[in-house]
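Residue-level listing of the chains:
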Amino acid sequence: MLEGIIEKSKAYYCVECRKCSSICPITRIYGKFSPASIVERSLIGIEEEVLNSMDIWKCLGCGLCEEVCPSGVEFLHFMREVRNGARKQGNEGIPTHEGVFESIPKLMLEKNIDMDWLDNVETDEKSDIIYFAGCLPFFDIMFKEIGFDGKCIAESTVKLLNKYGVKPSIIYGCCGHDALWNGNVELFNELMNKNMQMLKERKAKKIIFSCPECYRTFKMDYPSMDVELMHISEFLADKDMKGGEAGKEYTFHDSCRLGRHLGIYEEPRNVLKKVGIKVKEMEHNKELAVCCGTSAWMSCDWKSEEIRKERLKEAKKVADVMITSCPKCQIHFKCTLSHENYGIEVKDFVEVVAEMIK
Amino acid sequence: MAEKLRIGVFVCDCGTNIAGFVNVPEVCEYAKTLPDVVYVKENMYTCSNAGIQEIMDAIKEYKLNRVVVASCTPRTHEPLFRKACEDAGLNKFLFEFVNIRDQCSWVHQKEKEDATEKAKDLVRMGVAKARLLEPLEEIKIPVERKALVIGGGVAGITSALSLAKQGFEVYIVEKENKLGGLLNHVHSLYPSNIDANEFLNELLEKVKKEKKIHVFLESEVESVEGYIGNFNVKIKGKKKGEIKVGTIIVAIGAKPYEPMYMYNYDEYENVITQFELENLLKENKIGKWKKIVFIQCVGGRGERVRYCSRICCMNSIKNARLLKKLLPESQIYIIHKGLQTYGTVYEDYCRKAREEGIRFVRVRDAVPTVSSLEKKDGKLVVGFYHPGLRRKIELDADLVVLSTPLIQREDAKKISQMLKVPLGQDGFFFEAHVKLRPVDFATDGIYMAGSCRAPADINECIVQAVAAASRAAIPMAKGYVKAEPYTPVIDEEKCMGCGVCVEVCPYGAMRLVEKDGRKVAENVPAACKGCGACGSSCIHKAINMRHFKDEQIMAQIEEAIE
Amino acid sequence: MKDVLIIGGGVAGIQAALDLADRGIHVYLVEKEPSIGGRMALLDKTMSTNDCSICILAPKMNECFSHPNVDVLEYSEVIGLEGRAGDFKVKVKRKAKYVDATKCTGCGDCMEKCPTEVPNEYNSYLDKRKAIFLPFPQAVPRKATIDDRYCLKLTKNRCGLCEKICKAGAIDYNQKDQIIELNVAAIIVAVGLSLYEPRDLYEYGYGKYDNVHTWMEYERLINAAGPTHGHLKCSPDGRRPKKIAFIQCVGSRDVKRCPWCSSVCCMVSIKSAMLANEHYNDLESYIFYSDLRVFSKRFYEYSKRGERDYKITYIHARPGEIKEDKRTKNLIIYYEDEKEGKVKELEVEMVILATPIMPAKDTKKIANVLGIETDEHGFIKTVDFLKYPVETTKPGIFVAGCCERPKDITESVIQASAAAAKAAELAG
């Protein structure tokens, strides 16, 4: 089984230099988890140890390892495939929130979510420009108590689109990202097929995302479609806009998916600059930005918390507000902030832009 | 000496190498006070074009008849300064070198004042010797335009072909009954994976067509006498002969180390050496092995020999790839202590191997490479400590291939003695200068190429062989060489004919001859390297070295202890 | 007997020139810089023997320059080629130096007085040189050159100080580039190398942290003729380091950058660590490697000697990140310690990055002019790696040194001699 995975992910190129492990945020604080060791075990053929290990669920998929790997090993691909293999053997990891985020996608498979959720925005059900709002309505309900406002993200996005003459049609639904990253390929495929079908029905020409995970999944994991895909920051990048006085210091937290996975670093920064916010960079930024500590609702524990705290401290050193484009990053940081005060606010990219734009 | 002495002293800053630790202006001032010194000059770099020009100008302007340069080392710079003297019309042996860098500023970096004092002492000693220097003439020795190549492997053949193409007659002496050396026992060659036989045959065809190449098979060099340009070579064996050559290229190759009593090599059938694997591949005797483990550095890197044998990593990768192609279902591991796939081509080659499914396992750079190789239930099991996983790993194997280093051949010692050329600690031939004269011996007219110099692969053997041909061609193309005239003067009155000097001469330049009914020592100037071994060992003080005469050296010593 | 052209006056070009000249073949040695010597002239010591690099090279440079059979054409470029093996016609552009070489004595007065300071490429840009300059003190020929990109007189028609200062009257602002034509039987390409600039390896902070340097910068820093006169100094207070780390394969063996192994860097770092320890004998070094490449004659033994006698610790790891202590400017290296199985931090005062050898900047251009091929990495291609290791893809044109692939001085010299023999076959 591992042979095939090694082949597909080019893990055979590994030269055992262990650079991946030394930059991995998990290995930094928990040495027993080491991407290099997982690859080395696989290469030497100790298959059972790899597939039965709980370690494989600790990976954040943040891609720092891949970013610095000199040999071109696609560790993220490797990890997803390994998780798929492990799942088949009954090793399913420990999901967070009692696994509720595993049932929501299943729910969404059953039912289309048609709702008129947003206020004060213009939409057009017939438009071939789609705003894929993802799971925001669910997150909005689940994480209200820690101050997460999913509705605001969706509203801000559509407002910005409206400002530049776009009345999108909105789709709420699960892109399948988490299922895919947790090795549940079967579920992912079902979600993907459903989404593709829906897009076909709506004759979509362009899909705009505010969530980096949805964007990444559509762009990199779905078969290529004849549809233009873009992140809201890319949509805004070439627009003329004016802003006001920032009043506070802002920093930008590159989410792993938008940053390292998709290589979008400058667009959000440029947009923010246009509306009057000069981003103060944290010590780890852009290619080397550190993850929010949890991914795909899997293995959230003291290590995740530790990583978040460090990240918040880093942000506080340079700013009062940390902007991120990923709803999950925001949720995770706000979770930590809900029981420990770091004197820093966390806001979504579109939220800030919508506030500042004139 | 009728002529009045006029000595010029040039003191070099060597940038900050000297001036950083020695007060050079003070040394210059001091030099001016020494007897017969009429001109003193400080240079930032005496060896620069400007510095050289200054020496030449000063010789003419101040009519200098002795020149002293206080700077670095004669090892690298003496020829340059001598040439400056010569170009300015001064006999170049009227030049004296004082080393105030390697032997002064560099070793006294923390004692600047003492360093300055020592520099003065050294300059005073140099001037004292300069006063007693005598003009000498170099000897021009004609060079035979023929070459001897010892060893008919790929390096020897390639050297011979290159020399022949450049127009010289070449004699190859090969011990075996055919040319090709180790190539005869190898299946294929990396990185192009071509058939070794085809490759060799192509070379042999060229040799056959080349009329200037004369091959002595099943023969050995019995003795070599003489010196650059004029070596008299006796060949024994199947084809005997006496030839006279101008230059010699040593290309006797190396042989693979036999790992007796290591890893049960002598006991287990399926534990073989890389070399044996080459033969199996050659004879198409491939088993249905499912799991194959290559173990690198068996006997190398500190185990039986100290050095890294350079070519074994690539060779294992080549054979692993070959086996993988022949046995696609097989699992192949290479256990190594740090892969040596240097450069562009080899690193690419190694990446290809990884793509094809060859697995590499790195272990610590310790001896032995693997901790155990045993038979369990009739199966070979290789056990080793995996440094990344921090525990012992065991791999089953149907075949274990031991990569052993190349080691020097037995006849290297004999040849070393016969040609009076040195072997290094590792047993390989020792070059004149590691960086700048890598295929020359210190002895003029003798060169080396291939694995007798250090383990080398085919590409490297060929480059070295052509390089050695280039070096050997220089004196042969010129037709003559110049020898330094530091030869001994023998006082036949004092000589007792004891023969100690003949014994100690490393170049065979001393011999005993009958004169007036008794034996006296005689020097062969062309063979003499002026090392002075004869002079210092003569208990009767019958030998005085030109340019290093007793009175010259005594004058220096007297100044030193003044 | 016909002439031979050698392009590139580094150690390979010099060796090839001397081999040919000594046997009586006339050689043109074209060098793009104002001095021959190439990369080796800028190194401090050479590895495995720790010889002073310029000290062993300078005699060869001088021998070459003053050899009756060698015409050194410095500050020149080959711009055109016609003909075939045995009868090439070559066009060479001799760039204007604005200094009459027959008059210049190399006294250096002009350089002292010149008011225009420019980045000094010969010291890895660590300090400044003047617009009228010698590349380095031992330059051959020791003749000044005016850099027309910077000279005030040539760019803005101001200043003119050097002309006033020069006692020899050697300054000639009106000098023009000259095109000369040569007829040669064979050509040896030995155009050398360039080095990778590790600015895109953000994790190591080169260009951002003061105390992170490349190995070539280190060569100049530890060199007595370099910008710090051989003293290692750390930012911010100029203290000398007590701990130095060397990181191997920074840009090399890297599929996103230079996929090849640069061959020399492991040994260079060991040497550099030894030199540092020779300078300051309490100094400790750490070499982070992935495979220590010590394959040549006596290299492995050398690496062991470093460990035994020079306080070198070898650590198998490519560090993931370097952080800077903002106050002390010390560097904290994050690496996975495989003995303990966890990420550790090592604080040092200086980090040296072993960046790889790449093809020289103009390799492609020269290859195009000559009509020879380069390989997929941009190095000059040999027609058959095994059988014809010094022959380029065009008969009569041979290759030596690092422009063919990364190699050390010894191997460059060997290949140069081999190329000389091949050229002699055609010219002799």
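Residues numbered from 1 in each chain as written. Chains lettered and ligands numbered in written order. Predicted model: local features only at pLDDT ≥ 70, side-chain atom pairs only at ≥ 80, totals over all residues. Heavy atoms only, no water.

(A) A look at the interface of chain B and chain C. Of the residues lining the interface, 76 residues belong to chain B; the matching set on chain C comes to 76 residues. Here chain B packs against chain C, burying approximately 6,600 Å² in sum over the two surfaces, 55% of which is carbon and sulfur. Area buried by chain B at its contact with chain C is led by B:Thr344, B:Lys435 and B:Leu436, which between them contribute 12% of it. For B:Arg471, the salt bridge goes to C:Asp19, with nearest N and O atoms at 2.4 Å. Counting the contacts that link chain B with chain C gives 36 residue pairs in polar contact (both at pLDDT 80 or more). (Contact = heavy atoms within 4.5 Å. Buried area = accessible area lost by both parts, 1.4 Å probe. Salt bridge = Lys/Arg side-chain N within 4 Å of Asp/Glu carboxyl O. Polar contact = N/O pair within 3.5 Å; in protein donor to acceptor, adjacent residues only side chain to side chain.)

(B) Up close: the packing of aromatic side chains. As enumerated under the stated definition, the model contains 37 aromatic pairs over all chains in all. Centroid distance A:Tyr12 to A:Tyr13: 4.8 Å. Interplanar angle 80°. Geometry classified as edge-to-face. The pair formed by A:Tyr12 and A:Tyr13 is uniform in burial state, with each residue classed as buried. An angle of 80° between the planes, with centres 5.8 Å apart, marks the rings of C:Tyr218 and C:Phe246 as edge-to-face. One end of the pair, C:Tyr218, is in helix 6 (residues 215-221); the other, C:Phe246, is in strand 14 (residues 243-247), and 28 residues separate them in sequence. For the pair C:Tyr218 and C:Phe246, a shared accessibility class is recorded, and that class is buried. Aromatic ring contacts, followed pair by pair, group B:Tyr190, B:Tyr342, B:Tyr346, B:Tyr349, C:Phe295, C:Phe299 and C:Phe385 into a single cluster. When the ring centre of B:Tyr480 is taken as reference, the NZ or CZ atom of B:Lys140 above it lies at 4.3 Å. Between C:Lys95 and the ring centre of C:Tyr75, over which it is positioned, the NZ or CZ distance is 4.6 Å. (Phe/Tyr/Trp six-rings, centres within 6.5 Å; stacked < 30°, edge-to-face > 60°. Buried < 20%, exposed > 50% of the residue type's maximum accessible area, 1.4 Å probe, protein only. Helix = DSSP H or I, 4+ residues; strand = E, 2+ residues; numbered from the N terminus. Lys NZ or Arg CZ within 6 Å of the ring centre and 35° of its normal.)

(C) Molecular detail of the domain arrangement of chain C. All names here are of chain C. The domain architecture assigned to chain C consists of domain 1 (4-95 + 177-192 + 360-427), domain 2 (109-165) and domain 3 (197-356). With centres defined by C-alpha atoms, the gap from domain 1 to domain 3 works out at 31 Å. Listed as interface residues are 16 residues of domain 1 and, on the opposing side, 24 residues of domain 3. Of the roughly 1,500 Å² buried where domain 1 meets domain 3, counting both sides, 62% is carbon and sulfur surface. It is Asp44, Met47 and Asn50 in domain 1 that bury the most area against domain 3; as a group they hold 35% of the surface buried on that side. (Domains from an automatic or database assignment.)

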